[in-house]
Amino acid sequence: MNLVRAMRWWDAAAGVLEKGRVSAGARTGACAPRFLVAFAALMVCFGVACKDKTSPSPTIANPTDTSAIRAVATVGMVGDVVRAVGGRDVVVTVLLGPGTDPHLYKPTPADMRTLRDADIVFASGLKLEGKMEDVLKDLGTTKPVVFVTDGVPRERLIGASEDDAAQGKQFDPHVWFDVSLWAMTTAPVRDALAKLRPLKDPAFAANAAVFEKQLAALHEEVATAMSAIPKERRVLVTAHDAFGYFGRAYGVEVLGVQGISTESEASLQTINQLVDKLVARKVPAIFVESSVNPKGIEGLKQGAASRGHNVVIGGELFSDAMGAAGTDDGTYIGMVRHNMRVIAAGLGGTDSHAAPTDAKPAGGGS
Ligand SMILES: [Zn+2]
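Remember, predicted model here, so these are calculated numbers, not experimental data.

Caption draft 1: Looking closely at the overall build of the chain. Helix and strand counts for the chain stand at 13 helices and eight strands. In the chain, which comprises 366 residues, the proportion classed as buried is 39%. Of all intrachain contacts in the chain linking residues separated by at least 6 positions in sequence, the fraction that spans at least 24 positions is 68%.

Shown next as structure tokens:
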């Protein structure tokens, strides 16, 4: 249909050229070059429009293609799922590195090139990548863009209740901290990759099954570690509300200085309420996050100290970004284990009566 319309357009343009040549030749020679420049400009426009209109639909795959898929993931946790499911048949590039806050991130020109060159793009979704939404939407017109949290049933998301909806609350995007829910993101990844490389479907399905099994074991491991912390001390205070799913899944009360996005600053009232809780419950440790400014958490520590309660900074948690590539903390499973250990140690998963001291930052940095 588009091709037919384009051919008609071409015929019409060629007709104009013929007329132009006749009339230009009949009058002065000087008119001809001017007309040809205009015509060349028209042809450039025509070429661009034609290319855009006839680019392949994102869902059409070449059924015999077995070349490696070039995938781009927004955050490391998503990239790790794609790597696990894709195996050797997918080359994954992750846009946001360690310590980068996805709530505030805007793609750079280099990111835009990477995204344009990709065969497929994976994002977490639920507005985690708040400032990239328009870019992802645009990309979706030329290539598959997959939001992996689409694999999680809506009713399992935090913010899905009728009350939440009535209050205009958005879904909490930090799904990866309930490991059993994050395991569900393998399904949309597997399906999207299989659509691009139908011959590799069995390999993707086998890889996904292996990863899901690993995550099922990890879920149990975290649950066991958290249940070893005395119940009254299971209070996790962090820089922003990234751990709601963690708290719900593993029986820990979670309080954040900032809300579920880091876009808005914490109010003084919130800080004072948190200090009240720390003092009243004698919470031994609070936690900074690798991708969020520690100012709020340090303010809490000082606030509690001024009221005679010594709370320590129990260490750095990975919330919205993983650790350095090539280390254990640079994998999804490694980041969850790191957090599990730091939280258990900070909140006293042991019976030690020694006074706790501020822990070193994540990754052992000096
Ligand atoms: Zn967050």
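Caption draft 2: Looking closely at unusual backbone geometry. The backbone of L126 shows a phi angle near 55°, a positive value even though the residue is not glycine. Along the chain, the position of L126 falls in the loop between β3 (120-123) and α5 (133-139). Residue K282 is not a glycine yet carries a positive backbone phi of 50°. Structurally, K282 can be placed in the loop between α11 (268-281) and β7 (285-289).

Caption draft 3: Structural detail: the sheet that holds strand β2 (residues 90-94). The strand order β2-β1-β3-β4 describes an open sheet built from four strands, whose pairing is parallel. At either margin of the open sheet sits one strand with a lone partner, and together these are β2 and β4 (145-147). Taking each pair of neighbouring strands and ignoring which way they run, the sheet shows an average axis angle of 25°.

Caption draft 4: Helix α8 (residues 186-196), seen in detail. Buried within α8 we find T186, P188, V189, R190, A192, L193 and L196. Looking at the packing, one finds that the buried side of α8 touches β1 (69-73), α3 (76-86), β2, β3, β4 and α9 (201-227).

Caption draft 5: Main features of the packing of α8 against α9. Relative to each other, α8 and α9 sit at 165°, their axes nearing to 9 Å. Here α8 is positioned roughly antiparallel relative to α9, judged by the angle of their axes. Considering only the axes of α8 and α9, their crossing is right-handed. For the pair α8 and α9, the contacting residues are T186, R190, L193 and A194 in the first and D201, F204, A205, A208, F211 and E212 in the second.

Caption draft 6: Broad picture of the confidence of the model for the chain. Residues at a pLDDT of 70 or more form 78% of the chain, whose mean pLDDT is 82. Low confidence marks residues 351-355, where pLDDT is under 50. Its contacts with residues over four positions away, or in another chain, come to zero contacts.

Caption draft 7: Examining the pairing of β1 more closely. Of all the five residues making up β1, four are buried; the element is thus mostly covered by neighbouring parts of the structure. Sheet topology note: the β1/β2 ladder contains five bridges and is parallel. Among the inter-strand pairings, A73 is bridged to a residue of β2, identified as V94. Traced from β1 through α3 to β2, the parallel crossover comes out right-handed.

Caption draft 8: View of the environment of R156. Along the polypeptide, R156 turns up in the loop between β4 and α6 (162-166). Of the residues examined, R156 has 14 C-beta atoms within 10 Å and is grouped as partly exposed. Once the C-alpha coordinates of R156 and L181 are considered, the two residues, 25 residues apart in sequence, prove to be 8.1 Å apart.

Caption draft 9: Structural context of the packing of α3 against α9. Close contact between α3 and α9 brings their axes to 7 Å; oriented N to C, the two are set at 125°. For the element pair α3 / α9, the angle class is oblique. Together, A84, V85 and G86 of α3 and F204, N207, A208 and F211 of α9 make up the contact between the two elements. Classifying every residue of the contact of α3 with α9 gives five nonpolar, two polar and no charged.

Criteria and cut-off values
- Counting starts from 1 at the beginning of each chain's written sequence and moves along it residue by residue.
- Given that the model is predicted, a residue must reach a pLDDT of at least 70 before its local features are reported, and side-chain atom pairs must reach 80 or more before they are shown or counted; all residues, however, enter totals for whole chains, interfaces and linings.
- For the purposes of this entry, the term helix denotes a DSSP run of H or I that reaches at least four residues, the term strand denotes a run of E that reaches at least two, and both are numbered from the N terminus.
- With C-beta atoms placed from the backbone, a residue is labelled by how many other C-beta atoms lie within 10 Å of its own: buried for 20 or more, exposed for 12 or fewer, partly exposed between the two.
- We call two residues in contact if the C-beta atoms placed from their backbones are at most 7 Å apart.
- At least two bridges found by DSSP between two strands is the condition for calling them paired.
- Each axis is a line fitted through C-alpha atoms, and for a helix only the stretch in contact is used; angles between axes span 0 to 180 degrees, taken between their N-to-C directions.
- Roughly parallel means an angle under 35 degrees; roughly antiparallel, over 145; roughly perpendicular, 65 to 115; everything else is oblique.
- Crossing handedness follows the turn of the near helix against the far one: under a right angle anticlockwise gives a left-handed crossing, and clockwise gives a right-handed one.
- Scored from 0 to 100, pLDDT records how confident the predictor is in each individual residue.
- Call a crossover right-handed when, viewed with both strands pointing away from you, the route from the first strand across the helix to the second goes clockwise.
- Gly falls in the polar group here, along with every residue not listed as nonpolar (Ala, Val, Leu, Ile, Met, Phe, Trp, Tyr, Cys, Pro) or charged (Asp, Glu, Lys, Arg).

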